[in-house]
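Residue-level structural notes
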Amino acid sequence: MYVAMNRFAVAAGQEQAFEALWLERNSQLDDLEGFEAFHMLKGTTAADGTRLYISSSTWASEAAFRAWTRSEAFRAAHKDVGAHAELYQGPPVFEGFDVIQTL
């Protein structure tokens, strides 16, 4: 199993717009081989008002995740990513993990 996460630092006052963007998008993940689950996590607020969010997707394998990143579905889900730069304090930070234990 593989977990892919992106950390987003969302600018103060942009939380509702960021959440609406994610809740309304068509990720097309459900149709992909190896996709298992997706979670959008809302974290803490920093002293400067920046709010941390994490998108977390679980895959059968890293190969299944990498196949998605090369797919037409991935390009479609990310086609307008640059149009909302005002929501973010910098680019998202990717982290990938191999699962070594599940309870």
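Please refer to the structure placed before this passage.
What comes next is a walk through the structure.

Calculation criteria
- Numbers given for residues are sequential positions, taken from 1 along each chain in its written order.
- Two thresholds apply to this predicted model, a pLDDT of at least 70 for residue-level local features and 80 or more for giving and counting side-chain atom pairs, whereas whole-chain, interface and lining totals are computed over all residues.
- Side-chain calculation: all heavy atoms of the structure are included, whereas hydrogens and water are not.
- A pairing counts as a salt bridge when a side-chain nitrogen of Lys or Arg comes within 4 Å of a carboxyl oxygen of Asp or Glu.
- Counting from the N terminus, the helices are DSSP H or I runs at least four residues long and the strands are E runs at least two residues long.
- Burial status follows relative accessibility: with a 1.4 Å probe on protein chains alone, a residue under 20% of its type maximum counts as buried, one over 50% as exposed, and anything between as partly exposed.
- To be clear, the arc concerns the directions from the helix axis to the C-beta atoms.
- Pairs of residues are marked as contacts when any of their non-hydrogen atoms sit within 4.5 Å.
- Buried Ala, Val, Leu, Ile, Met, Phe, Trp, Tyr and Cys residues form a nonpolar core when they are joined through side-chain atoms within 4.5 Å.
- Stacked, edge-to-face and tilted are the three classes for Phe, Tyr and Trp ring pairs, Trp counted by its six-membered ring, which pair at centre distances within 6.5 Å; planes under 30 degrees apart are stacked, over 60 edge-to-face, the rest tilted.

Counting across every chain of the model gives four salt bridges. One salt bridge in this structure joins E95 and R7, with 2.9 Å as the shortest N-O distance. Residue E95 is found in strand 4 (residues 93-98), and its partner R7 is found in strand 1 (residues 2-10); the two are separated by 88 residues along the sequence. Residue classification places R7 among the partly exposed residues on the basis of a relative accessible area of 33%. Of the charged contacts, one joins E19 and K42 as a salt bridge, the two residues approaching to 3.2 Å between their closest N and O atoms. One end of the pair, E19, is in helix 1 (residues 15-24); the other, K42, is in strand 2 (residues 35-45), and 23 residues separate them in sequence.

Turning to helix 1, a few remarks are in order. Structurally, the α-helix is built with 3.6 residues per turn, so residues lying three or four positions apart point the same way. Residues of helix 1 that are buried: E15, F18 and W22. End-on, the buried residues of helix 1 take up no more than an arc of 70°, which puts them together on one face. Looking at helix 1, the residues exposed on the side facing more than 90 degrees away from the buried face are Q16, L23 and E24.

Every buried residue of helix 2 (residues 62-69) is listed here: A64, F65 and W68. Down the axis of helix 2, the smallest arc covering the buried residues is 100°, so these residues share one side. Residues of helix 2 that are buried in the fold lie against strand 1, strand 3 (51-59), helix 3 (72-77) and strand 4.

Take the nonpolar core next. Membership of the largest hydrophobic core is limited to 10 residues, which are Y2, A4, L29, L32, F35, W59, A64, F65, W68 and A73. Among the elements of the structure, strand 1 and helix 2 are those that each provide at least two residues to this core. The greatest single-element share of this core, amounting to three residues, is contributed by helix 2. Among residues more than four places away in sequence, those in contact with W68 are L29, L32, W59, A73, F74 and H78. In terms of nonpolar packing, the next biggest core, distinct from the first, is built from seven residues, F8, V10, F18 and Y53 among them.

Tracing the backbone through its elements, the reader meets M1 in the segment before strand 1. Separated by 98 residues in sequence, M1 and V99 place their C-alpha atoms 5.4 Å apart.

For the rest of this paragraph, the subject is the packing of aromatic side chains. If you walk through the whole model with that rule in mind, you get 14 aromatic pairs. An angle of 10° between the planes, with centres 5.6 Å apart, marks the rings of F65 and F94 as stacked. Of the two residues, F65 is situated in helix 2 and F94 in strand 4; the sequence distance between them amounts to 29 residues. The class for F65 is buried, based on a relative accessible area of 6%. What makes F94 partly exposed here is its relative accessible area of 36%. In textbook terms, an aromatic cluster arises when at least three aromatic residues are bridged by ring pairs, as seen for Y2, F35, W59, F65, W68, F74 and F94.

All we've got here are geometric facts, nothing functional implied.
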